[in-house]
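Read off the chains here:
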Amino acid sequence: MTGPGVRAAALVAALLAYPFVDKALGFQTVHAVSDGMIYVLLALGLNIVVGYAGLLDLGYAAFFAIGAYAMGLLNSPVLGSPLYGHAWSFWLCIWLAAAMSALLGVVIGAPTLRVRGDYLAIITLGFGEIIPVAIRNLGDITVDIGGWRPIERLNLTGGENGVNPIGRPYLPGVPFETDPVPWYFLILIIGAASLWSMNRLRDSRLGRAWMAIREDETAADCTGVNPISTKLLAFALGASFSGFAGSVYAAKLQAITPGAFEFQVSIMLLCMVVLGGAGSLKGVILGGMLITVFDRVVLTQTTFMVRAAGRAAGVAALTTADLTLWRWFFFGLGLVLVMLLRPEGLAGRRLRPVAVGVDDAEDPMVLEPPPPPRAEAIPRWLRDRAPRGAAADPRVPILEVRGVVKQFGGVVALNEVDLLVPHGAIIGLIGPNGAGKTTFFNVVTGLIRPDGGRIALVGASLAGLRPNAIVALGVARTFQSIRLFPQMTVLENVLVGGHCRLAATVAGAVLRPPAVRAEESRARARAHELLAFTGLGDKADELARNLPYGDQRRLEIARALATEPRLLLLDEPTAGMNPRETEALTELIGLLRRELSLSVLLIEHDMEVVMRISDRITVLDYGTRIAEGTPAEIQRHPKVIEAYLGTGGEQDLAARDRSR
Amino acid sequence: MSWWEVLVQQTINGLTRGAVFALIALGYTMVYGIIELINFAHGDVFMLGLFISLAWFALLGVTTTLTGWQLLTLLPLVFVLTMLTTAALNVAIDRVAYRPLRRSTRLAPLITAIGVSFMLENVALLWKGPAPIAYPDVFPSVDILREWFGVDSAIFVTTKDMLVVGATIPLMVALHYFVSRTRWGKAMRATAQDRETAQAMGIDVERTILMTFFVGGALAGAAGLIQGMYYNIGMWWMGYQAGLRAFTAAVLGGIGSMPGAALGGLFIGFLSAWSDQYISARWTNALVFAILILVLVFRPQGLMGERSAEKI
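Reading the values: rules and limits
One numbering rule holds for all chains: residues counted from 1, following each sequence as written. Both sets of labels track the order of writing: A upward for chains, 1 upward for ligands. In keeping with the predicted nature of the model, local features appear solely for residues at pLDDT of at least 70, side-chain atom pairs appear and are counted solely at 80 or more, and the whole-chain, interface and lining totals rest on all residues. We count a stretch as a helix when DSSP gives it H or I for four or more residues in a row; a strand needs E for two or more, and each element gets its number in order from the N terminus. Each residue is classed by its C-beta neighbour count within 10 Å, where at least 20 other C-beta atoms makes it buried, 12 or fewer makes it exposed, and intermediate counts make it partly exposed; the C-beta atoms are placed from backbone geometry. Our contact criterion uses C-beta atoms placed from the backbone: two residues qualify when those atoms are within 7 Å. For a compact globule the rule gives 2.2 Å times the number of residues to the power 0.38, and the radius of gyration it is set against comes from C-alpha atoms. Amino acid classes used here: Ala, Val, Leu, Ile, Met, Phe, Trp, Tyr, Cys and Pro are nonpolar; Asp, Glu, Lys and Arg are charged; the rest, including Gly, are polar. The rule for pairing is simple: two strands pair if DSSP sees at least two bridges between them. The predictor's confidence in any single residue is recorded as pLDDT, a number from 0 to 100. Axis lines are fitted to C-alpha atoms, over the contacting stretch for helices. Their N-to-C directions set the angle, which ranges from 0 to 180 degrees. Working definition: roughly parallel below 35 degrees, roughly antiparallel above 145 degrees, roughly perpendicular at 65 to 115 degrees, and oblique for all remaining angles. In this scheme the crossing of two helices becomes right-handed for a clockwise turn of the near helix relative to the far one and left-handed for an anticlockwise turn of less than a right angle. Any helix carries an expected span of 1.5 Å times its number of residues minus one. One nonpolar core equals one set of buried Ala, Val, Leu, Ile, Met, Phe, Trp, Tyr and Cys residues connected by C-beta atoms within 7 Å.

Section: the overall build of chain A
Here is step 1 of the chain: For chain A, the helix and strand inventory stands at 26 helices and twelve strands.
Here is step 2 of the chain: Along the three orthogonal principal directions, the C-alpha set of chain A runs to about 95 × 70 × 55 Å.
Here is step 3 of the chain: For chain A, the proportion of its 660 residues judged to be buried stands at 47%.
Here is step 4 of the chain: Taking contacts inside chain A between residues at least 6 apart in sequence as the whole, the part at least 24 apart equals 73%.

What follows is the structure, encoded as structure tokens:
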């Protein structure tokens, strides 16, 4: 057996043996350890929301509360639930509780999706406050409308007194009533199953989508990831795990009160996630264990020691010291210190790995030239897709934009702009800074809603579609200021591009039936091929943020190609590149068109590049199209010369460019 | 009490509450305006302001109600001392917990802010103990309508109500003057709009941020002092709730907008007083949070602010 295999087997053996060893030695810690494991499970659920999807949730205890109360109310005599008192009650209620928590996750998630990160945090905090208040107050409801009382002294939640007792799980011959050991194993099984599914989710299309949203929501949207459903899924799944945790907690404790689900619990769970390293399963478990041990063992034991030392030394102040009162101080301090000193957490991936030979890479003398793109390297599957585009009626342009208008306040950013991209054409879009070129891209890709005009992709209107839907129809883009997913690997970046062409659902991602396995391995193979084609083949496992500039530009193109586009929008792809890189990229664009008949719309400031590869060029100035024609026509066009050089400029545009 | 007397009385209560919320909300909105951080610890600076003012009173030997000349000398002195202390505290918090994270993600300083908030609350808990602390009745309480005007009314308007209004308005006027007329204020407004351009224009951005925390902390300290003198009670956990209500006020008024924060504070004050009376004090918190959520979701720019778009 290999090293990790031995370690895993040893871990499993230790976990299985622990309660019996504990019993034999008379430690009686199984109860406390089981409770700690419930909190670790909660932290793992929170990690989906905070660590994966990057949504700071300050009210996660609300989901815990819903899980616990769902179990409490369904499986107790307090409200006269018909489910109480059967052997199977617990086993049914635990699923109901998880479902109710997930539902609440969607209810809380849905309205918050349009809200920015820090505002979203405050909203979750608001829900986290409202739920305990509601639980407290719904124990005794009387509605009094001018003496008419439609509802009198209705008890929905048990109010301040909470719910007690709660039905225990029942398995023949297993003493859940008297022995903590079955609880330990129950929680261990739930925890292991949760961990297993989370691990699989992370390495799936869904996990990548969460991380893409966390890294850059706009870029993810423009890469075919639907931010709304992705975030909702994170909320719902994160909540469902806390539903399991909450129901086990309720049944184990046999009594729940609203006080157990306050803001402090949310923060303690957040502490666990952040301390261990948001996004890392190992880290969250480590963080959860450290905090539980610290809270339950270190603080109390140190208090004993300090008191003993105080008595021995005769210091009165020490003999009455109680370090448990400092609990929240230490949690707060922990949050501050981790964020300041090690924001990636104890076990998280280092943000700034010490890259060997960083200096070499930045030195242009040793920079190896990008490999020239080769037609043979074009992935076969991209080629196979190409005829489909060509088979369509060539008379219908791939993109047809008519009279698009966009105003920002009083500024007319786009004024009745027309633009046509025929099949397999490269169209250049040029104009001085602020002419509205990027705004035009944003309108076409759905990031900005136009105030008027028509945009059609192969004859079908794109009006009102979200960016990710437009990507799914076959429009991919790159950004003027590179927008990769910096904390994801190069390969993962490209895989996110394939997101909208994959179909795995939650169940598929967890259970991995053959269809999902095949789809996933195909996606990986294709991503590798794309990387090889764009000259990034040997960098698949590097973090995108560590790539040199030119590689980042090419990775953005590889990611765009992974969405299997019919139309590629490139926003200044050669900006900041050296002449050799520019040359290779120009070559690449030409190759894509020649070999795949991919249509390209190109914003570019490098006139040499635009003039050389464009079939036709559209010139914008102050949001208005001032010229359209072949490169040769554009170079002679008086309005273009005027826009670029001002009136009276005698120099020819091309001449100026040559002299540069 | 007739129904209109109840309404008037609750409105007066709302006004005094709202004035305190407004002072706290100003600190939130100023900091958010300049570094886009929800300074979660701000409510706890307010809470510590109350305890610190108590300490200053104790240091100056004040344990009973102040009389004529003391009101004119000692009270302003305690105001200044408290405000300076909380201002320094707020600046220190920024230096230690937020400043190193200026170039980091948006959520990182929010997490440290929550951490600082817990630390401050715990410090207060250990300093003053878990039980509510009685704040000496330093400010004379006179029933104005009855004693000064001889009107026999069920409505109570006391000199303490006057104190709240009389202290808050000058502070707000001074703040307005500071922000709109001084060099510092101009630097703050410029930095809030565009930090990099402000830097390029020769503004020392870090000093400007420091000044923002200083002023915000001073206002929170004043609010703590006023709260203590008005309600004669202080709890280590009061900063959390007051802070969140004040933040709601700031958001309601359009975060970053100072007049908005002042008006939002008053609105939340009225609303919470009316809710206590007409719905139930048990539901007031839920109501305030519901408003916070609704505003953040449907009008995140606040009732008066303008929506800003992300740069792509």
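That was the structure; now back to the text.
Let's talk about the overall build of chain B
Here is step 1 of the chain: Within chain B, the regular secondary structure consists of eleven helices and two strands.
Here is step 2 of the chain: Element order for chain B, N to C, with α for helix and β for strand: α-α-α-α-β-α-α-α-α-α-β-α-α.
Here is step 3 of the chain: A globule of 312 residues ought to have a C-alpha radius of gyration of about 20 Å, and chain B, at 20 Å, matches this closely.
Here is step 4 of the chain: Structurally, chain B occupies a C-alpha span of about 65 × 45 × 40 Å along its principal axes.
Here is step 5 of the chain: Scored against the burial criterion, the 312 residues of chain B give a buried share of 50%.
Here is step 6 of the chain: The contacts in chain B between residues at least 6 apart in sequence include a share of 77% that link residues at least 24 apart.

Some points on the interface of chain B and chain A
Here is step 1 of the chain: Each side of the interface is counted separately: chain B has 35 residues, and chain A has 34 residues.
Here is step 2 of the chain: Contributions of two or more residues to the side of chain B that touches chain A are made by α4 (107-128) and α11 (258-298) of chain B.
Here is step 3 of the chain: Here the residues of the side of chain B that touches chain A sort into 25 nonpolar, six polar and four charged.

Examining the pairing of strand β3 (residues 399-408) of chain A
Residue and element names in this part refer to chain A.
Here is step 1 of the chain: Relative to strand β4 (residues 411-421), β3 runs antiparallel, the two sharing seven bridges. Within β4, the position partnered with Glu 400 by the bridge is Leu 420.
Here is step 2 of the chain: Where β3 folds back on β4, the antiparallel hairpin that results is connected by two residues, among which Gly 409 adopts a positive phi of roughly 60 degrees.
Here is step 3 of the chain: The sheet contact formed by β3 and strand β6 (residues 452-457) spans five bridges and is antiparallel. Note that in β6 the partner of Val 401 across the bridge is Ile 455.

Some remarks on the confidence of the model for chain B
Low pLDDT means the predicted atomic positions in that stretch should not be read closely.
Here is step 1 of the chain: Predicted confidence across chain B gives a mean pLDDT of 89, with 97% of residues reaching 70 or more.
Here is step 2 of the chain: Of all secondary-structure elements in chain B, the lowest mean pLDDT belongs to helix α5 (residues 144-148) of chain B, at 81, while helix α2 (residues 42-59) of chain B reaches the highest, 95.

Considerations on helix α16 (residues 437-444) of chain A
Here is step 1 of the chain: Most of α16 of chain A is tucked away, with eight of its eight residues classed as buried.
Here is step 2 of the chain: Within α16 of chain A the residues assigned to the buried category are Lys 437, Thr 438, Thr 439, Phe 440, Phe 441, Asn 442, Val 443 and Val 444 of chain A.

Overview of the packing of helix α20 (residues 514-533) of chain A against helix α21 (residues 549-562) of chain A
Residues and elements named next belong to chain A.
Here is step 1 of the chain: In contact at an axis separation of 10 Å, α20 and α21 are set at 140 degrees when each is read in the N-to-C sense. One finds that α20 runs oblique with respect to α21. Regarding α20 and α21, the two cross each other, and that crossing is right-handed. Side by side, α20 and α21 meet where Ala 527, Leu 530 and Leu 531 of the first sit next to Ala 558, Leu 561 and Ala 562 of the second.
Here is step 2 of the chain: Each residue belonging to the contact of α20 with α21 can be placed in one class, and the counts come to six nonpolar, no polar and no charged.

Regarding the environment of Gln 199 of chain B
Here is step 1 of the chain: Among the secondary structure elements, Gln 199 of chain B is positioned in helix α8 (residues 195-200).
Here is step 2 of the chain: Put simply, Gln 199 of chain B and Ala 187 of chain B are twelve residues apart on the chain and 9.6 Å apart in space, counted from C-alpha to C-alpha.

Structural notes on helix α9 (residues 205-231) of chain B
Residues and elements named next belong to chain B.
Here is step 1 of the chain: Along its 27 residues, α9 runs 39 Å from first to last C-alpha, staying within 8% of the 39 Å computed at 1.5 Å per residue.
Here is step 2 of the chain: Within α9, 21 of the 27 residues are buried, which leaves the element mostly enclosed by the surrounding structure.
Here is step 3 of the chain: Directly after α9, the chain includes Asn 232, whose backbone phi takes a positive value near 60 degrees.

Notes on unusual backbone geometry
All names here are of chain A.
Here is step 1 of the chain: Of the consecutive residues Asn 164 and Pro 165, the connecting peptide bond is found in the cis state with omega at -5 degrees.
Here is step 2 of the chain: The phi dihedral of Glu 416 is positive, around 50 degrees, even though this residue is not glycine.
Here is step 3 of the chain: You can see Glu 416 is positioned in strand β4.
Here is step 4 of the chain: Note on Glu 416: 14 C-beta atoms within 10 Å, which makes it partly exposed.
Here is step 5 of the chain: For Glu 572, which is not a glycine, the phi torsion comes out positive at approximately 50 degrees.

Remarks on the nonpolar core
Here is step 1 of the chain: Counting 288 residues, the largest nonpolar core has Leu 269 of chain A together with Leu 23 and Ile 24 of chain B as the members making the most contacts within it.
Here is step 2 of the chain: Residues contacting Leu 269 of chain A, with those up to four places away along its chain left out, are Tyr 39, Leu 42, Ala 43, Leu 46 and Tyr 60 of chain A.

Examining the packing of helix α3 (residues 61-74) of chain A against helix α4 (residues 89-112) of chain A
Residue and element names in this part refer to chain A.
Here is step 1 of the chain: At a minimum axis separation of 8 Å, α3 and α4 run at an interaxial angle of 140 degrees. In the packing of α3 onto α4, the handedness of the crossing is right-handed. Residue-level contacts link Phe 63, Ile 66, Gly 67, Ala 70, Met 71 and Leu 74 of α3 to Cys 93, Ile 94, Leu 96, Ala 97, Ala 98, Met 100, Ser 101, Leu 104 and Gly 105 of α4.
Here is step 2 of the chain: Looking at side-chain class alone, the contact of α3 with α4 contains twelve nonpolar, three polar and no charged residues.

Remarks on the environment of Leu 281 of chain A
Here is step 1 of the chain: Position of Leu 281 of chain A relative to the elements: it lies in helix α11 (residues 281-313).
Here is step 2 of the chain: When neighbours within four sequence positions are excluded, Leu 281 of chain A is seen to be in contact with Leu 44, Leu 195, Met 198 and Asn 199 of chain A.

What to know about the environment of Phe 244 of chain A
Residues and elements named next belong to chain A.
Here is step 1 of the chain: Note that Phe 244 resides in helix α9 (residues 227-253).
Here is step 2 of the chain: Taking the C-alpha atoms as reference points, Phe 244 and Gly 117, 127 residues apart in sequence, are found 27 Å from one another.
Here is step 3 of the chain: Not counting residues up to four positions away in its chain, the partners in contact with Phe 244 are Leu 41, Gly 67, Ile 94, Ala 98 and Ile 190.

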